[in-house]
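This is what each chain is made of:
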Amino acid sequence: MAATFSYPAYAYVVRCCSMRENHDQLKQQLNSSIRVNGSFRSPIKVESFSQTAEAATTTTLGQAVTFPENGQRQNIPTKKQLVDPHRQGLIIEGGVGYRQTVVIRSYEVGADKTATLESILNLLQETALNHVWMSGLLSDGFGATHGMMRNDLIWVVSRMQVLIDYYPIWGEVVEIDTWVGASGKNGMRRDWLIRSQATGHIFARATSTWVMMNRKTRRLSKMPEEVRDELTPWFIEKQAINEDTPEKIVKLDKEAKYMNSDLKPKRSDLDMNQHVNNVKYVRWMLETIPDQILEGYQLSGITLEYRRECGSSDIVQSLCEPEEDEILNGAMEPDYCTSLLNGLSFASSDIINGGGVLTCLEQRPIRYTHLLQIKGEKQNDEIVRGRTTWKRKFATMPFST
């Protein structure tokens, strides 16, 4: 039997007073105003607020807000923390890695109810910063350590690769693991794993390389010894993606098949280091992908090679070119089809079991090469080179029961 709840109008009046002062009166009103199918029933007991809530007070509108005497509102840890209950995070990997439990929210998914690539990249950035937060090394910079701040240094990403097997859906609980390691003499590698908390299935893997840049001169810098001493205890030999010889991304020219010009950063696109956030770069890249690809395929991999930073006054051009032997607009290149058919046995088990040629064609990924560049009067300066890989969307949701 469905229950219909009705409340008198005065139950919705918001009053600025202490929670304890109005608690008893509100409880009495709620208990006396509950109807079930239009008839009064025995009052339902409303449990008392917790002692913490009872002690809390609300602030009257217009009243000045008082902050701590030290002026700090973040309460950045000065020592290593093992658990962060506010962020659902904890230290793992023998005390050097970090794991955070995240629920995919409604504003992080697209029309198909799966998390967008931008949301995934934002989660990678957030967990990386939270890892530094928990380490006790974080200064007041954007992920910078105390030693970095003393040397006017900031982090900049030079390369990133993300491989996505499955996209988490709205409301799904995922675990994100991240850790760091050495990359050459002056760089740092950061990796991530995203998995389903319920099943343990790996959704995505990511790896990145970071270098240091002088905040004032905007030039790359070597890693000072005091910074190396801070970071080295956190380094571990573990890789989410094995890349012995990364594939080079070629530079596109002005004759690229797809182009989007006159892109201008907005103030909201800048991060705390006063340059365009790398997630914005990805958005500009994806805007050049043909609609039929976006509708029938999902991005399964992206590689980014950063060349220089982009500021708020720059005008950006986005170029995109499909690889020569890839499917485009639903058509297969003739040479590839011929070689594929010649190499297949029509009596093979793949065809007998319902796979065969069509399945092979549909499962073949599509790749695009990208370039973002700043439009100049004499020459264009590269911002980032990229490569995206796309595969057919799933007809049904994987891991469903």
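Refer to the structure presented above.
Keep in mind that what you see is a predicted model, and the values were worked out from it rather than measured. (Residues numbered from 1 in each chain as written. Predicted model: local features only at pLDDT ≥ 70, side-chain atom pairs only at ≥ 80, totals over all residues. Heavy atoms only, no water.)

Q: In this structure, what is going on with the packing of helix H3 (residues 117-135) against helix H6 (residues 278-286)? I would like to understand it.
A: Geometrically, a packed helix pair is captured by the angle between its two axes and the distance between the axes. The N-to-C vectors of H3 and H6 enclose an angle of 165°; their axes lie 10 Å apart at closest approach. Classed by the angle they form, the pair H3 and H6 counts as roughly antiparallel. Of the two elements, H3 crosses H6, and the hand of that crossing is right-handed. Here H3 contributes Leu 117, Glu 118, Leu 121, Asn 122 and Gln 125 to the contact with H6, which in turn contributes Asn 278, Val 279, Val 282, Arg 283 and Leu 286. Of the residues contributing to the contact of H3 with H6, the split by class is 5 nonpolar, 3 polar and 2 charged. (Axes fitted to C-alpha atoms, helices over the stretch in contact; angles between N-to-C directions. Helix = DSSP H or I, 4+ residues; strand = E, 2+ residues; numbered from the N terminus. Parallel < 35°, antiparallel > 145°, perpendicular 65-115°, else oblique. Left-handed = near helix turned anticlockwise from the far one by under 90°. Contact = heavy atoms within 4.5 Å. Nonpolar A, V, L, I, M, F, W, Y, C, P; charged D, E, K, R; others polar.)

Q: It is not clear to me how the pattern of salt bridges should be interpreted in this structure. Could you clarify?
A: A side chain of one charge can pair with a side chain of the opposite charge when the charged atoms of the two come close. Applying the stated criterion to the full structure yields 21 salt bridges. The shortest N-O distance in the salt bridge between Arg 387 and Glu 247 comes to 3.9 Å. Highlighted residues: Arg 387 in strand S15 (residues 381-392) and Glu 247 in the loop between helix H5 (225-231) and strand S11 (258-263), separated in sequence by 140 residues. Assessed through its relative accessible area of 8%, Arg 387 is described here as buried. What makes Glu 247 partly exposed here is its relative accessible area of 43%. Within the structure, one salt-bridge network assembled from shared partners comprises Arg 99, Glu 175, Asp 177 and Arg 195. (Salt bridge = Lys/Arg side-chain N within 4 Å of Asp/Glu carboxyl O. Buried < 20%, exposed > 50% of the residue type's maximum accessible area, 1.4 Å probe, protein only.)

Q: In this structure, what is going on with the nonpolar core? I would like to understand it.
A: The tendency in soluble globular proteins is for nonpolar side chains to be buried side by side. Within the largest apolar cluster, 69 residues are counted, with the highest numbers of intra-cluster contacts made by Tyr 281 and Trp 390. With 7 residues, the single largest contributor to this core is H3. Other than its neighbours up to four places away in sequence, Trp 390 contacts Leu 286, Ile 289, Ile 293, Leu 294, Tyr 297, Gln 298, Leu 299, Ser 300, Pro 365, Ile 366 and Tyr 368. (Core = buried A, V, L, I, M, F, W, Y, C linked by side-chain atoms within 4.5 Å.)

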